[in-house]
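Chains, contacts and geometry: an overview
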Amino acid sequence: MLEQAPTYRTASILLDQYNGAGRRTREQIAQLRADGNEEQAQELEKRFYETKAVARHLLVPWRVVFIGRPNVGKSSLLNAILGFQRSIVNAQQGTTRDLVQAQTAIDGWLFEFVDAAGIRETTDDLELEGVNRAKSAIAEADLVVRLFDDSDSMQTINIARKSESFRSVVSVIDVMNKCDLATSPQTDNSVLRVSAVDGTGIETLLQTIVQTLIPDPPQPGEGVWLND
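Turning to the packing of aromatic side chains, a few remarks are in order. Evaluation of the coordinates by the stated rule reveals four aromatic pairs. Plain terms: the ring middles of Phe 66 and Phe 113 are 5.7 Å apart, the flat faces sit at 50° to each other, and that makes the pair tilted. Placement of the pair is Phe 66 in strand 1 (residues 62-67) and Phe 113 in strand 3 (residues 109-115), with a sequence separation of 47 residues. Assigned by exposure class, Phe 66 and Phe 113 land together as buried. Each ring, one from Phe 111 and one from Phe 113, has its centre 6.2 Å from the other, and the planes form 25°; the classification is stacked. In this structure, Phe 111 and Phe 113 share a single accessibility class: buried. Counting every residue linked through ring pairs, the aromatic cluster contains Phe 48, Tyr 49 and Trp 225. A cation over a ring is seen here: Arg 26 above Trp 225, with NZ or CZ 5.1 Å from the ring centre. When the ring centre of Trp 225 is taken as origin, the NZ or CZ atom of Lys 52, which lies over that ring, is 5.4 Å away.

Next up on the list: the environment of Glu 203. Residue placement: Glu 203 occurs in helix 8 (residues 202-213). Along the primary structure Glu 203 and Ile 81 are separated by 122 residues, whereas in three dimensions their C-alpha atoms are 8.8 Å apart.

Let's shift gears to the packing of helix 2 (residues 21-34) against helix 3 (residues 38-50). In contact at an axis separation of 7 Å, helix 2 and helix 3 are set at 155° when each is read in the N-to-C sense. With respect to helix 3, the element helix 2 is oriented roughly antiparallel. Of the two possible hands of crossing, helix 2 and helix 3 adopt the one that is left-handed. Contact with helix 2, carried on its side by Gly 22, Thr 25, Arg 26, Gln 28, Ile 29, Leu 32 and Arg 33, involves Glu 38, Gln 40, Ala 41, Gln 42, Leu 44, Glu 45 and Phe 48 of helix 3 and no other residues of that element. Of the residues that constitute the contact of helix 2 with helix 3, the class distribution is five nonpolar, five polar and four charged.

Throughout the structure, instances matching the rule amount to eleven salt bridges. Taking the shortest distance from any N to any O, the salt bridge between Glu 38 and Arg 33 comes out at 3.0 Å. Beyond isolated ion pairs, a larger network of salt bridges with shared partners links Arg 69, Asp 149, Asp 152 and Lys 178.

Definitions and limits used
- Residue indices follow the written sequence of each chain, beginning from 1 at its first position.
- This being a predicted model, a pLDDT of at least 70 is required before a residue's local features are given, and a value of 80 or more before pairs of side-chain atoms are given or counted; all residues contribute to the totals for chains, interfaces and linings.
- Hydrogens and waters are ignored; side-chain quantities use all the structure's heavy atoms.
- Stacked, edge-to-face and tilted are the three classes for Phe, Tyr and Trp ring pairs, Trp counted by its six-membered ring, which pair at centre distances within 6.5 Å; planes under 30 degrees apart are stacked, over 60 edge-to-face, the rest tilted.
- Helix numbers and strand numbers start at the N terminus; a helix is a DSSP run of H or I with at least 4 residues, a strand a run of E with at least 2.
- The classification of residues rests on relative accessible area computed with a 1.4 Å probe and restricted to protein chains. Under 20% of the type maximum is buried, over 50% is exposed, and intermediate values are partly exposed.
- When the NZ atom of lysine or the CZ atom of arginine is within 6 Å of a ring's centre and also within 35 degrees of its normal, the charge is said to sit over that ring.
- As a rule, the C-alpha atoms of each element are fitted with a line to give its axis, helices using only the stretch in contact, and angles between N-to-C directions run from 0 to 180 degrees.
- Note that the term roughly parallel is reserved for angles under 35 degrees, roughly antiparallel for angles over 145, roughly perpendicular for angles of 65 to 115, and oblique for everything else.
- Less than a right angle of anticlockwise turn of the near helix away from the far helix marks a crossing as left-handed, whereas a clockwise turn marks it as right-handed.
- The contact definition used throughout considers only heavy atoms, calling two residues in contact when any of these lie within 4.5 Å.
- Each residue is assigned to one of three groups, with Ala, Val, Leu, Ile, Met, Phe, Trp, Tyr, Cys and Pro labelled nonpolar, Asp, Glu, Lys and Arg labelled charged, and all others, Gly among them, labelled polar.
- A pairing counts as a salt bridge when a side-chain nitrogen of Lys or Arg comes within 4 Å of a carboxyl oxygen of Asp or Glu.

Listed below in structure tokens is the structure:
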């Protein structure tokens, strides 16, 4: 597995495991129990078990899906994050009809960003297929970034929050794009404000994505749970 690691950080974690970090953690848990220190054993075991989520993504990227109605700037934001035009930008609604995917590393972790079709009611068969693929992408996501724009109010955002059933099974970050066009803030602090045009807030968004998915990453030498 070590030779397949996509970044230096994930390779370092895998190298620790190759050198016995996971085995030592299991032995430490067993020794704590043998010595009658059940509370400490449970605490260490809980931490060890929680590393399974990270272990699954040492070779496979975290999947982040951008959703939102057409023309809120999903494609533009994806291009701004990647630093090149991977996704077509067009003022016509329904331009993105397939999933556009691209990978990049942030803080040493590999991410796959998915620009999904705008989700809306449509009678166009081709666009409808794009909407259905977007919904399938949400079901497979580790994180959803839900985009709004400068025309949306907190009332609009809260209505969307209440109507989205997937929020109970996947983490969601709400983002207001096109903040460079907003004359005054219409959102509260629960919504990140970014601009794909001038770069405002993009670094904060990326750090929020990392912290949401990997709030407590393994420390050097720490064992992670690689398999059941």
